[in-house]
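The lines below spell out each chain.
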Amino acid sequence: MYRYGRTVVSRNIVLYYCPNGQSYNRIGFSISKKVGRSVVRNRIKRIYKEAFKLIEKQIRKGYDFILIARKPAVDVTFQEACKELLSLCRRGQLLLKKQ
RNA sequence: CGAGUAAACAUGGCAGCCGCGAAAAGAAAACCGCAAGGUGCUUUUCGAGGAAAGUCCGAGCUCCGCAGGGCAGGGUGCUGGGUAACGCCCAGUGAGGGUGACCUUAAGGCCAGUGCCACAGAAAAAAUACCGCCCGGCACUCAACUUUUGUUGACCUGGAAAACCAGAUAUGCCAACAUAUUCUAUAAAACAAAAGAUUAGCUGUUAUAAAACAGCCUAUUUUUUAAAGCAGAAAUGGAAAAUAACAGUUGAGUGCCGGGUAAGGAUGCAACGGUGCGGUAAGAGCGCACCAGGAACCGGGAGACCGGUUUGCUAGGUAAACCCCACCCGGAGCAAGACCAAAUAGGAGGAGGAUGAAGUAGCCCGCUGACUUCUCGGGUUAGGUCGCUGGAGAUACCAGGCAACUGGUAUCCAAGAUAGAUGGCUGCUGCUUACCAGGUUUGCUUAUGGCAGACCCGGCAAGAACAGAACUCGGCUUAUGAGUUUGCUCGGUUC
RNA sequence: UGGGGCGUAGCCAAGCGGUAAGGCACGGGUCUUUGGAAUCCGCAUGCGUAGGUUCGAAUCCUACCGCCCCAG
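1. Things to note about the confidence of the model for chain A
- With 87% of its residues at a pLDDT of 70 or more, chain A has an overall mean of 76.
- Mean pLDDT in chain A bottoms out at strand β3 (residues 26-30), which sits at 75, and peaks at strand β1 (residues 6-9), which reaches 82.
- In the model output, the complex is listed with pTM 0.64 alongside ipTM 0.64.

This is the structure in structure tokens:
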């Protein structure tokens, strides 16, 4: 995925994505120890997981994602995460067309 | 009311939706895996902390054949108790800090030995060494004249006294009052240093014999003047110790020798007790009083230790320096360890080994007694289950104990992940703070008002820390927002 | 989980009870027409932080902070 996928980047996260040939989406998280302690890393992961769950209905099916957290993501709130993820998907042209 | 001190409590509450993990029961035989096994469906229940943290101690548990001895190493260090154990806790003792409540305390032993104590200082533990002080003896030098310089040093009279006070005198008629009464000067005497001299009181010059001149000093008298011991002028007077040698006396100094002494000796964190009086040639716990300490004895206490009496006994500090003494310590850690499943291999080469491999940090003994190690090659591909939470357990009551803690009874079961579970959103509400509007009340005041404080109600907004289980407990340490309660202390005000 | 080590000026570092050596860099002076070189002078929060022992601590002890390494 790192070799063939495409990326979109924001202040807090880097998002890799590529098609997987299935009828559902998958997401993985990669958070380095540079970001913080285990509690901090776990909290970032949970927040983005929750955000991804919220906007998953608007995303096209059949993709794998890798989400890499960057250092400013320590102080992120849930609302910011939702907005950020949505804008990244829009830039990657992953959203379903509005009916 | 303010400031402080000690201890305890607590780490918001009630709901709803979605999600994550676990347990139990049920249903069904769906999915993944070669298998062990796991996932999934329904219902119910449960799901972070006082520090879960740091990993600084101690234990349980598991394995190392046995867990033995000695050395080495490490730890602890006032006393008594608590505990499974501890470096922890409780109660006390000593020392230190604080006005106090209270707090802090690694607090055994430098007459077992060794080391260190920079700089300074006579000396840092070595001896009564050095300087000094005192006594005695010997040797040597200087003085017993003057001047200069420096220091002290009275100034009309008296008062401790040049300054302050009082008085006196003079002038202006008197009083008051004012001014004046030697003030950049200096006599005698003493001391110190230097220099010089040897007939004017002193200085200088000339001559050469016991003088002269000049200037100055000084005593008396006269005079001038408003006034004179003191300003000016005049007159008279003012003296004597030549040198050298020898001997002695007195005083001072220097050096050497013998003896006494530890009072004093600038320093330093620290100097073989401190202060004072007596005593002495000078001194000394040499004697005495008080204070500090040591030793012995007596008494109290379980002990650390405390109190008293006697005794001149007076001994540097440092062991968070080596060390000595007492007590404790076998090692490794849940990636311990046990079982199950699958697969590959039961290899090759080098080194050591019954003259002893290996046996959980080191060495020796004892015990067991055959493997150990390096390189190459191959397999497994982040396999599963247990250990894993019922325990030195939690809560309540009773009993023992000053307390830490212990015993008994009853009730209860309360997280268990394995790349790692607790999250997201919403509603109501409690707490704190700020602002706005209103009300009640207290104090002050320039008084139908203004200012300040407290309380009540309403509105709106913000805030809520430190931090997250990784086998389990007991402690310690560190981090921590806003609080609550209780005991006690100090200060202020009012009654 | 267990064990070991380090922290001294901007940088590299010595010192391990008696008032912090040295080098590079930096600032100033001398020299030079100027620069370099040479030469002289200067530069420490008192030695990671906070307590303690000691007459005296960078050094000894305790706790904490940060960094590095090793074994399983």
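From this point, the discussion proceeds with the structure in view.
2. Quick notes on the packing of aromatic side chains
- This model, assessed by the stated rule, comprises 3 aromatic pairs.
- Here Phe52 and Phe65 contribute two aromatic rings whose centre-to-centre distance is 5.6 Å and whose plane-to-plane angle is 65 degrees, an arrangement assigned as edge-to-face. Of this pair, Phe52 sits in helix α1 (residues 38-55) while Phe65 is found in strand β4 (residues 63-69), placing the two residues 13 residues apart along the sequence.
- A relative accessible area of 9% places Phe52 in the buried class.
- Pairing Tyr63 with Phe65 gives two aromatic rings, centres 6.4 Å apart and planes at 35 degrees, and the pair type is tilted.

Calculation rules
- Residues numbered from 1 in each chain as written.
- Chains lettered and ligands numbered in written order.
- Predicted model: local features only at pLDDT ≥ 70, side-chain atom pairs only at ≥ 80, totals over all residues.
- Heavy atoms only, no water.
- pLDDT = per-residue confidence, 0-100.
- Helix = DSSP H or I, 4+ residues; strand = E, 2+ residues; numbered from the N terminus.
- Phe/Tyr/Trp six-rings, centres within 6.5 Å; stacked < 30°, edge-to-face > 60°.
- Buried < 20%, exposed > 50% of the residue type's maximum accessible area, 1.4 Å probe, protein only.

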